[in-house]
Amino acid sequence: MTPLSITSRTLAAALGGYGLGALAAMALAVTLPVARDQAVIIGIMVAFLLCSGAAIWAFSARSAWRAWAGILAPSLLLAGLYLWGLPA
Amino acid sequence: MNKSFRQSMAWLHTWTGLLLGWLLVAIFITGTSAYFREEITLWMQPEVHDSTLQPGTVELAMAALNAKAPDAKSWDINLPGDRQTAVELRWQPAKQPENGGRRRGEQMLMDADSGEVVAPRATRGGNFFYRFHFELYGIDRLWARLLVCLATMFMLIAIISGVITHKKIFKDFFTFRPGKGQRSWLDAHNATAVLALPYHFMITYSGLLLFMTLIMPWGIDAAYENDRRAFFSEVFSRGEDAAQPGSPGQMVAVGPLIEQTETRFGKPVERIQITNPNRDNAQITLRVNRDPAVTDRQRGGDPTQVFQGNTGELIDTRIPANDPVSPGWRIYNFFTSVHMARFADPLTRWLFFLFGIAGSAMTVTGMLLWVSKRTQQLRRDQQPDRALKMVNGLNMASITGLMLAIAAYFLANRLLPATLAAREDREIQVFFIIWLVSLVHGLLRPNRHGWIEQVAAASLLWLAIPVVNIFTTASHLFTPLAWQHAAIASFDLVCLTLAALGGYTLWRLQRKPLPAKARRARAPRRANTASEQPAGESP
């Protein structure tokens, strides 16, 4: 791995992974069909798993570009889910 | 699984592991001690050892509170149990001091036999390690917690990538090749990791959950429209505040109420709370310990009866464990209760302590493996470079150095005068001075000699603790008092065990002959990695 690739992947893992987790926590908190305190805690529990999963992905993807794409695509989906779930 | 995937995982595992490894070793070792933090505090206050619950203890406690704070807002009496010998008395003063003051109110300890207030030597006890475990010491609490969370996240990633790295994880688990340097460290690292893998995953993941409101509050903000208070009051409600104090009035004797509650629940009352004592609206709340259930809610889970203070009339009986808990919170409660061993009886606590040691050993062997591997890759006459020496020295400080510092902290507790000013801070200063000395020593001698010296020093200090105890307390290993409260004798026995482990390590380190003097004179000394140190060298 080149230094540039390592830097890029590290950023994808840290920033991208955290963003993915945060968006999952938000999206699940407003969309899960259970009481809102439960939706929140389930969202948080899923978020931490996604954060670490994203880090694993960032360093195993074939290229740094794919690492970013694999994290940003689900993040966008979750952002959409969150916006859709917001109370009107 | 393709090969390059595993290679990238090995890379990720090696570097995330090293980057925060030293911090993780300290977090693991202090966290392991925290399973026994109350027992450690008990040991560190020998003035309260000779205290046993008597039938009249509750009356004595009421009298003591009546003398000290007759018009307090509330009184709390915690009776002696498995983990404490003295009676803990707390009260909320009628007038809160301006700008805050202590939210938990005032506190004092009472001898359960005589009813006299005891003022044990000032010490932070086991709480020092407990706090260090998640907020370090001396740096801003918020930043320290964030740093610990970051290390925890790295740990979670290291666990997952570590599992992926070992395709043949169970075959590796049954492989042990002792006395072979790097190979042995690899095997020990694998064994301690796999042996307690569910524990490692649980302790790391739950560590993140415990700080969820600090590091992942976005779901709360989303669902509660940025009103975090609403979330907290919905989830962690502490019950309403006590009513305003009424007019002065008599209270009934507590003794018969205690009998009533103990008959109802079939267990001894452990905690007594009285709101608005000596008023006509006083309420007396009696609690027994709940049956441990790991998925219970955390706060206020104990079976409780509430009585009217002036009539002794039973107002309420609560068994919160029977309240329904939703599945999401059950999972959350499970992880966080297991992390803190909230439900544990003494035997389970020991089991967790051993798991904690396995976790400490896993991080320690991982760090040693890092150096060992790179040392063995050196050519015969090649000197280890500066970075390798530094990692070796830092390993020494973080492993043997921390063990030295902890032992010194306990010795300081026995040797510093009991009435010394700012005594609890002095104990902590001793801890950090010894740790610093070991760091300097480790960086100056990052080789086998350095390891031998530190292990020898640590073994001596741990051995010294029970010995010094004989001369400084009346509750050492040769007194019945120490065995009456198992925690006190166990502490000394753990010290002896650690000293013995250190001695064994020393023997292994010495047995491997050093390079002949002539060869050393010709070639510069090689950094050696204490490659014979056994894994269990942690509390």
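As a reminder, the structure under discussion sits directly above these lines.
Residues numbered from 1 in each chain as written. Chains lettered and ligands numbered in written order. Predicted model: local features only at pLDDT ≥ 70, side-chain atom pairs only at ≥ 80, totals over all residues. Heavy atoms only, no water.

Some words on the sheet that holds strand β3 (residues 106-110) of chain B
Residues and elements named next belong to chain B. Strand order in the open sheet formed by eight strands is β4-β3-β2-β1-β5-β6-β7-β8, and the pairing between neighbours is antiparallel. Sheet topology places β4 (117-118) and β8 (314-318) at the edges, where each strand pairs with a single neighbour. When strand β7 (residues 304-308) meets β8, the two strands line up antiparallel, connected through four bridges. Bridge pairing links T304 to R318 in β8. Relative to strand β2 (residues 87-92), helix α3 (residues 57-68) is tilted by about 35°, and along the sheet it contacts β1 (74-78), β2, β3 and β5 (269-275). (Pairing = 2+ DSSP bridges. Helix = DSSP H or I, 4+ residues; strand = E, 2+ residues; numbered from the N terminus. Contact = heavy atoms within 4.5 Å. Axes fitted to C-alpha atoms, helices over the stretch in contact; angles between N-to-C directions.)

Concerning the packing of helix α1 (residues 3-31) of chain A against helix α3 (residues 64-85) of chain A
All names here are of chain A. Direction vectors running N to C along α1 and α3 enclose 15°, while the axes themselves pass 8 Å from each other. When the axes of α1 and α3 are compared, the pair comes out roughly parallel. In the packing of α1 onto α3, the handedness of the crossing is left-handed. Of the residues contributing to the contact of α1 with α3, the split by class is 17 nonpolar, seven polar and one charged. (Parallel < 35°, antiparallel > 145°, perpendicular 65-115°, else oblique. Left-handed = near helix turned anticlockwise from the far one by under 90°. Nonpolar A, V, L, I, M, F, W, Y, C, P; charged D, E, K, R; others polar.)

What about the nonpolar core?
One finds F48(A), F410(B), F431(B), W462(B) and I465(B) to be the most contacted residues of the largest nonpolar core, which totals 110 residues. With 13 residues, helix α15 (residues 386-415) of chain B is the single largest residue contributor to this core. L65(B), A72(B), L79(B) and I274(B) belong to the second largest nonpolar core, which has 29 residues in total. (Core = buried A, V, L, I, M, F, W, Y, C linked by side-chain atoms within 4.5 Å. Buried < 20%, exposed > 50% of the residue type's maximum accessible area, 1.4 Å probe, protein only.)

Re the interface of chain A and chain B
On the chain B side, the residues contacting the 29 residues of chain A number 34 residues. Buried area between chain A and chain B, summed over both chains or domains, comes out near 2700 Å², and the portion from carbon and sulfur atoms is 79%. E234(B) is the partner of R36(A) in a salt bridge, and the nearest nitrogen-oxygen pair spans 3.5 Å. Applying the counting rule to chain A against chain B returns eight residue pairs in polar contact (both at pLDDT 80 or more). Elements represented by at least two residues in the side of chain A that touches chain B include exactly α1 and α2 (36-60) of chain A. Looking at the side of chain A that touches chain B, the element that brings in the most residues is α2(A), giving 18 residues. Residue composition of the side of chain A that touches chain B, grouped by class: 23 nonpolar, four polar and two charged. (Buried area = accessible area lost by both parts, 1.4 Å probe. Salt bridge = Lys/Arg side-chain N within 4 Å of Asp/Glu carboxyl O. Polar contact = N/O pair within 3.5 Å; in protein donor to acceptor, adjacent residues only side chain to side chain.)

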